[in-house]
Amino acid sequence: MIDIDRIRADTPAVAGLVYLHNAGAALMPGPVVEAMKQHIDLEAGIGGYAAAARQSARLESVYGSVARLVNAAPDEIALTENATVAWQMAFYALPFRAGDRILTTEAEYAANYVAYLQVAKRTGAIIDVVPSDSSGEIDLDALARMIDERVKLIAITWIPTNGGLVNPAAAVGRIARAHGIPYLLDACQAVGQITVDVDTIGCDMLSATGRKFLRGPRGTGFLYVRRAMLERLEPPMIDHFAAPWISRGEYRLRYDARRFETWENNYAARLGLGVAVDYALDIGLGPIEARCRLLAGRLRSGLAAIRGVAIRDLGRAPAAIVSFTVEGHEARAVVSGAAAAGITIGVSNPSSTRLDAEARALPPIVRASPHYYNTEAEIDRLIAHVSALARG
């Protein structure tokens, strides 16, 4: 069971706001905010270097916390400025040549896809999109058929930005492992709302953010790299932290995933990330996932019952991102109207998931993303607001 009263007490903004925009940036719990404030005060009082030295044990513990979150080892974790940086450091560390194939999905996120395009332009690598099955998930049979000796990477988005689709990440992992193909998983919208186990998934690399369902600060993220994969990757950019300068003509990459980091960091934000991860672990990702699905299911079914509202989610068991459109109302107008009523939701633009949006002729869509700290009454409030809007 989740102690909703305690959690909401840790989240004072919910007293005056229905906040359903966790797929954008969740509300941070009080302990996260306090940890960051304390470190900033410490830096102000004794200087940044001395503050980092004094808090070195706590800063080091963040790696262990993130590792426990995804069932990895601390030396397989790099802390980054955001999920995109984490993903890029892994992707651009992979060598591609003309004719090499990158397999991805129709739901792929824009930031990732433009990186594929750049590498294809630079190297002559080929981007092949695996079709979706009838549910909208990646077609596993098609994926298996598309594999040959030229496939050098399978890279997918687990939960896309534009809806509740949950791709079968572990099934993809089994295919990747069977063929010895590196597997990069964008878990930006997954970490913090569902249970994540990198061994079960079978991914070699995984990127995630702190600001979304983890309820951490903006400007934080992390990269997981399986230890066996680390030996195969040289980061696209390094400094003397990632690769100490050991002689005039030589550097040596760190043995651990911190080879993907740089020397200077926002230590207050890192501490906030660590507290956010510990906060989620204390609640339990199993209970969090169950409540997220419960609330999202309530919202999805309530909206689906409204005439003129179309649910735009795909997948067999959608997660806590509910996408929809309201006939006769542009998405931004729906969002601004909800904001005036004290309800925070968001918009997902077609350019963020262009392949899927073009295949389904999607306009900008409304995105509501509940989290475990929301209540059933808040879900019903959004349903009632949309119902009144649809009735005109």
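All of the points below concern the structure found in this document.

Definitions and limits used
Residue positions are given per chain, counted from 1 along the sequence in the order it is written. Only residues with pLDDT of 70 or above have their local features reported here, since the model is predicted, and side-chain atom pairs are shown and tallied only from 80 upward, although totals for entire chains, interfaces and linings are computed over all residues. Hydrogens are left out, water is left out, and the side-chain values use all remaining heavy atoms of the structure. Here, a strand pair is defined by DSSP locating no fewer than two bridges between the strands. Helix numbers and strand numbers start at the N terminus; a helix is a DSSP run of H or I with at least 4 residues, a strand a run of E with at least 2. As a rule, the C-alpha atoms of each element are fitted with a line to give its axis, helices using only the stretch in contact, and angles between N-to-C directions run from 0 to 180 degrees. In this scheme, a residue with accessible area under 20% of its type's maximum is buried, one over 50% is exposed, and one in between is partly exposed, where area comes from a 1.4 Å probe on protein chains only. Two rings from Phe, Tyr or Trp (for Trp, the six-membered ring) form a pair when their centres sit within 6.5 Å of each other. Planes less than 30 degrees apart are called stacked, planes more than 60 degrees apart edge-to-face, and all others tilted. Here, nonpolar core refers to any group of buried Ala, Val, Leu, Ile, Met, Phe, Trp, Tyr and Cys residues whose side-chain atoms link them within 4.5 Å. We call two residues contacting when some pair of their heavy atoms lies within 4.5 Å.

**Brief notes about the sheet that holds strand β11 (residues 309-311)**
Argument step 1. Reading across the sheet, the 4 strands line up as β11-β12-β15-β14 and stay open at both edges, with antiparallel pairing between neighbours. In this open sheet, the two strands that pair with only one neighbour each are β11 and β14 (346-348). Strand-to-strand twist in this sheet, taken as the mean axis angle between neighbours without regard to direction, amounts to 40°.
Argument step 2. Pairing of β11 with strand β12 (residues 322-326), which is carried by 3 bridges, proceeds in the antiparallel orientation. Within β12, the position partnered with V309 by the bridge is V326.

**Topic: the environment of A296**
Argument step 1. If you trace the backbone, A296 turns up in helix α12 (residues 285-304).
Argument step 2. Taking the relative accessible area as the measure of exposure, A296 reaches 0% and is therefore buried.
Argument step 3. Expressed as a C-alpha distance, the spacing of A296 and H371, which sit 75 residues apart in the sequence, is 8.4 Å.

**A look at the packing of aromatic side chains**
Argument step 1. Overall, the coordinates contain 8 aromatic pairs when judged by the stated rule.
Argument step 2. With a centroid separation of 5.8 Å and an interplanar angle of 75°, the aromatic rings of Y49 and W263 are classed as edge-to-face. Here W263 lies in the loop between β10 (250-251) and α11 (267-283) and Y49 lies in helix α3 (residues 48-54), a separation of 214 residues in the sequence.
Argument step 3. Centroid distance F91 to Y116: 5.4 Å. Interplanar angle 70°. Geometry classified as edge-to-face. Highlighted residues: F91 in helix α5 (residues 83-91) and Y116 in helix α6 (residues 110-123), separated in sequence by 25 residues.

**Notes on the nonpolar core**
One recurring pattern in soluble globular proteins is that nonpolar side chains are buried together.
Argument step 1. Counting residues in each nonpolar core, the largest one holds 87 residues, and the members touching the most others are I154, W158, Y183, L206, F222 and I345.
Argument step 2. Per element, the largest residue contribution to this core is 7 residues, and it comes from α12.
Argument step 3. With residues near it in sequence (within four places) discarded, I154 still touches L103, L143, I147, V172, A176, I181, P182, Y183 and L184.
Argument step 4. Ranked by size, the runner-up nonpolar core spans 28 residues in total, among them M89, L153, L184 and F260.

**Here's the deal with the pairing of strand β8 (residues 221-225)**
On a regular strand, each side chain points to the face opposite its neighbour's, so the side chains alternate between the two faces of the sheet.
Argument step 1. Buried residues dominate β8, accounting for 5 of its 5 residues.
Argument step 2. The side-chain alternation of β8 yields two buried faces, one formed by G221, L223 and V225 and the other by F222 and Y224.
Argument step 3. The pairing of strand β7 (residues 205-209) with β8 spans 5 bridges and is antiparallel. Paired with M205 across the strands is V225, a residue of β8.

**A few points about unusual backbone geometry**
Argument step 1. Not every positive phi belongs to a glycine, and N71 is a case in point at roughly 60°.
Argument step 2. With respect to the secondary-structure elements, N71 resides in the loop between α4 (56-70) and β2 (77-80).
Argument step 3. The exposure class of N71 is partly exposed, given its relative accessible area of 38%.
Argument step 4. Although it is not a glycine, A361 adopts a positive phi angle of roughly 55°.
Argument step 5. Checked against the element boundaries, A361 lands in the loop between α14 (354-359) and β15 (365-368).
Argument step 6. The exposure class assigned to A361 is exposed, which follows from its relative accessible area of 63%.

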